[in-house]
Amino acid sequence: MATVRERIDADLKDAMRSKNELHTSVLRMLKSAIKYKEVEPGATGPLDEASILQVIGTLIKQRRDSVEQFKTGGRPELAEKEEQEISVLQNYLPKQLTADELRAEVQAAITQAGAKSAKDMGAVMKVLNPKLQGRAEGRAISEEVKNQLSKLS
């Protein structure tokens, strides 16, 4: 099984050969973001798989924010481009959890953390975040945790 970094490199070469501008620009941007993370002050050298997935997640989150702003600003063509970039980036994340899978993971974490009310959200998130990293968006995780904890109190 190839690493995420190897897949990105191979896919970039393929995109350049086939003159696929969208994939080429997105993968170059991704490689640049990874490289930037590796050389920023306090960095410890090459990123591991989890850190690369974190960079991809950050780029997707930035794109989603841009999509909202472009739609609000009446620029649907720019929003569409950002959505296409999101779909390219999502190919490098692990398979995303369904709503039911996320609900089950959150219930298990609430039980594991012994959470009794919304005040225990931090403890539940501490259990969930390492487990679900890259498999669900942070906002979706926290909303599901809030939702389930509110039913407890």
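Residues numbered from 1 in each chain as written. Predicted model: local features only at pLDDT ≥ 70, side-chain atom pairs only at ≥ 80, totals over all residues. Heavy atoms only, no water.

1. Details of unusual backbone geometry
Leave glycine aside and you will find that most residues have negative phi; peptide bonds, for their part, are mostly trans. Not every positive phi belongs to a glycine, and lysine 19 is a case in point at roughly 55°. Tracing the backbone through its elements, the reader meets lysine 19 in the loop between helix H1 (4-17) and helix H2 (21-39). A relative accessible area of 68% means that lysine 19 is categorised as exposed. (Helix = DSSP H or I, 4+ residues; strand = E, 2+ residues; numbered from the N terminus. Buried < 20%, exposed > 50% of the residue type's maximum accessible area, 1.4 Å probe, protein only.)

2. Quick notes on the pattern of salt bridges
Oppositely charged side chains can form a pair if their charged atoms are brought close together. Evaluation of the coordinates by the stated rule reveals 14 salt bridges. Across the salt bridge formed by glutamate 82 and arginine 63, the nearest N and O atoms sit 3.5 Å from each other. With glutamate 82 in helix H4 (residues 76-90) and arginine 63 in helix H3 (residues 49-72), the pair connects residues that are 19 residues apart, well separated along the chain. In this structure, glutamate 82 and arginine 63 share a single accessibility class: buried. One network of salt bridges, with partners in common, ties together Arg63, Lys81, Glu82 and Glu85. (Salt bridge = Lys/Arg side-chain N within 4 Å of Asp/Glu carboxyl O.)

3. Section: helix H5 (residues 99-113)
Over its 15 residues, H5 extends 21 Å from the first C-alpha to the last, a length consistent with the 21 Å expected when each residue adds 1.5 Å. Contact partners of the buried residues in H5: helix H6 (121-132) and helix H7 (138-152). Directly after H5, the chain includes glycine 114, whose backbone phi takes a positive value near 65°. (Expected span 1.5 Å × (residues − 1). Contact = heavy atoms within 4.5 Å.)

4. Quick notes on the confidence of the model for the protein chain
Per-chain confidence: the protein chain averages 89 in pLDDT, with 99% of residues scoring 70 or above. By mean pLDDT, H7 is the weakest element of the protein chain at 85, and H2 is the strongest at 95. (pLDDT = per-residue confidence, 0-100.)

5. Comments concerning the nonpolar core
Judged by nonpolar contacts, the single largest core of 21 residues is most densely connected at Val4, Ile8, Leu30, Ile34, Ile52, Ile56 and Leu89. Contributing elements (two or more residues each) for this core: H1, H2, H3 and H4. Among the elements that make up this core, the one with the highest residue count is H3 (7 residues). Here isoleucine 8 is in contact with Leu27, Leu30, Lys31, Ile34, Ile52 and Tyr92, once residues within four sequence places are set aside. One finds Ile110, Leu128, Ile141 and Leu149 within the second-largest nonpolar core, a separate group that totals 15 residues. (Core = buried A, V, L, I, M, F, W, Y, C linked by side-chain atoms within 4.5 Å.)

6. Some details on the side chain of serine 142
Of note, serine 142 is situated in helix H7. In terms of polar contacts, serine 142 uses its side chain to reach the backbone carbonyl oxygen of arginine 139, at 3.2 Å. With residues near it in sequence (within four places) discarded, serine 142 still touches Met121 and Met125. (Polar contact = N/O pair within 3.5 Å; in protein donor to acceptor, adjacent residues only side chain to side chain.)

7. Concerning the packing of H3 against H4
Packed helix pairs are characterised by how far apart their axes lie and by the angle those axes make with each other. At a minimum axis distance of 8 Å, the contact between H3 and H4 shows a crossing angle of 160°. With respect to their mutual orientation, H3 and H4 come out roughly antiparallel. In the packing of H3 onto H4, the handedness of the crossing is left-handed. Counted together, Ile56, Leu59, Ile60, Arg63, Arg64, Ser66, Val67, Phe70 and Lys71 of H3 and Leu78, Ala79, Glu82, Glu83, Glu85, Ile86, Leu89 and Gln90 of H4 form the full contact between these two elements. Tallied by class, the residues present in the contact of H3 with H4 amount to 9 nonpolar, 2 polar and 6 charged. (Axes fitted to C-alpha atoms, helices over the stretch in contact; angles between N-to-C directions. Parallel < 35°, antiparallel > 145°, perpendicular 65-115°, else oblique. Left-handed = near helix turned anticlockwise from the far one by under 90°. Nonpolar A, V, L, I, M, F, W, Y, C, P; charged D, E, K, R; others polar.)

8. Describing the packing of H1 against H2
The interhelical angle for the contact between H1 and H2, taken along N-to-C directions, is 145°, at an axis separation of 9 Å. At the point where H1 passes H2, the crossing takes the left-handed sense. Of the residues in H2, those in contact with Arg5, Ile8, Asp9, Asp11, Leu12, Ala15 and Met16 of H1 are His23, Thr24, Leu27, Arg28, Leu30, Lys31, Ile34 and Glu38. In terms of residue class, the contact of H1 with H2 is built from 7 nonpolar, 2 polar and 6 charged.

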